[in-house]
Amino acid sequence: MDRLNILIVEDDVLTANDIQRTLEKAGHQVTAVARSFNEAVLAVKRQIPDVVLLDIVLLGSQDGIAVAREILLYKQLPIVVLTASTEEKTYQRVKDTFIPAGYITKPFNPLDLKRSVDLAWQNFRLEILSGAASTLQDSVFLPVEKGFEKIIKSDVKYIATQKGTHCVNIFEIYKKEPRLIQLSMGHLEQYFSLPNFYRLSRSLLVNLNYIERIEGGQIKIQDEKNLLTIPEAGRPELMRRLTVIRNPRK
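Residues numbered from 1 in each chain as written. Predicted model: local features only at pLDDT ≥ 70, side-chain atom pairs only at ≥ 80, totals over all residues. Heavy atoms only, no water.

With respect to the side chain of Asp11
Looking at the secondary structure, you find Asp11 in the loop between strand 1 (5–9) and helix 1 (13–25). Buried charge without a partner: Asp11 forms no salt bridge, and the closest opposite charge is Lys106, 5.5 Å away. Beyond its immediate chain neighbours, meaning those up to four positions away, Asp11 contacts Arg35, Asp55, Val57, Leu58 and Leu59. (Helix = DSSP H or I, 4+ residues; strand = E, 2+ residues; numbered from the N terminus. Buried < 20%, exposed > 50% of the residue type's maximum accessible area, 1.4 Å probe, protein only. Lys, Arg positive; Asp, Glu negative; His and termini not counted. Salt bridge = Lys/Arg side-chain N within 4 Å of Asp/Glu carboxyl O. Contact = heavy atoms within 4.5 Å.)

The following block contains the structure:
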């Protein structure tokens, strides 16, 4: 694992201390702890970090989204959002402003935080080395044992939470057995976004391109024997995304 320089942008002192201890225990160095827009921008200009950990709510009139906008105008960096807000409008504001390298809700799990930082840096570094981000739009590197393995997102048929654990099984085309990844569904979902992927339920994320049939509240995935149940609440949105054409009423 690379030793990274990380900027923490967090207005709560106790939370900032917890984050710093977690990162330093993982072998990283914290370049600064900023509590406001001005402190964050100055910290980046003093020492450019490898990764930025960013809270949304900060001291002063300008929030973390304004900080991200200003930082990215100065330097392209991977920014991992770490926020207590679970409101959809906050998430949409973030997405409308920039694409975060990660999105974690508080209270955070130390392991998820460490892995989010590692993944953010690995994917950002690979984009730089490739010379073009477009070559990596369909791939992601996920933690497997002591390293990271490349997964082609368009090859993923669906992702299912392993019952009773914080792990997921990733089912890929042309592979007989699923790949077990020690990440939670909530954390992993951000890397498998629309238009192809749809969160069917809390435990199921499906690639719409591999749905072959819909019948009786269930879907058939290509090359899979088991049918997946469609939750009643998610059925209308799924039908809309699949562009299901019904018989006209007589």
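Back to the text.
Quick word on the pairing of strand 13 (residues 211–215)
Strand residues, when the strand is regular, have side chains that alternate between the two faces of the sheet. Note that strand 13 and strand 14 (residues 218–221) share 4 bridges and pair antiparallel. Bridge assignment links Ile214 to a residue of strand 14, and that residue is Ile219. Following strand 13, the chain reverses through 2 residues before pairing antiparallel with strand 14; Gly216 in that reversal takes a positive phi of roughly 60°. (Pairing = 2+ DSSP bridges.)

As for the confidence of the model for the protein chain
Averaged over the protein chain, the pLDDT score is 87; the fraction of residues at 70 or greater is 94%. Contacts for the low-pLDDT stretch residues 132–136, under 50 throughout, to residues beyond four places or in other chains number 7 contacts. (pLDDT = per-residue confidence, 0-100.)

A few points about the sheet that holds strand 15 (residues 228–229)
Spatially, 3 strands are ordered 13-14-15 in an open sheet, and the strand pairing comes out antiparallel. With one partner strand each, in any of the chains shown, strand 13 and strand 15 form the two edges of the open sheet.

Observations regarding the sheet that holds strand 12 (residues 204–207)
The strand order across the open sheet formed by 5 strands is 10-9-8-12-11, and the pairing between neighbours is antiparallel. Since the sheet does not close on itself, it has two edges, and those belong to strand 10 (179–181) and strand 11 (197–201), each with one partner. With strand direction ignored, the average angle separating the axes of adjacent strands in the sheet is 20°. Here strand 8 (residues 156–161) pairs with strand 12 via 3 bridges, running antiparallel. Opposite Tyr158, over in strand 12, you have Val206 as the bridge partner. (Axes fitted to C-alpha atoms, helices over the stretch in contact; angles between N-to-C directions.)

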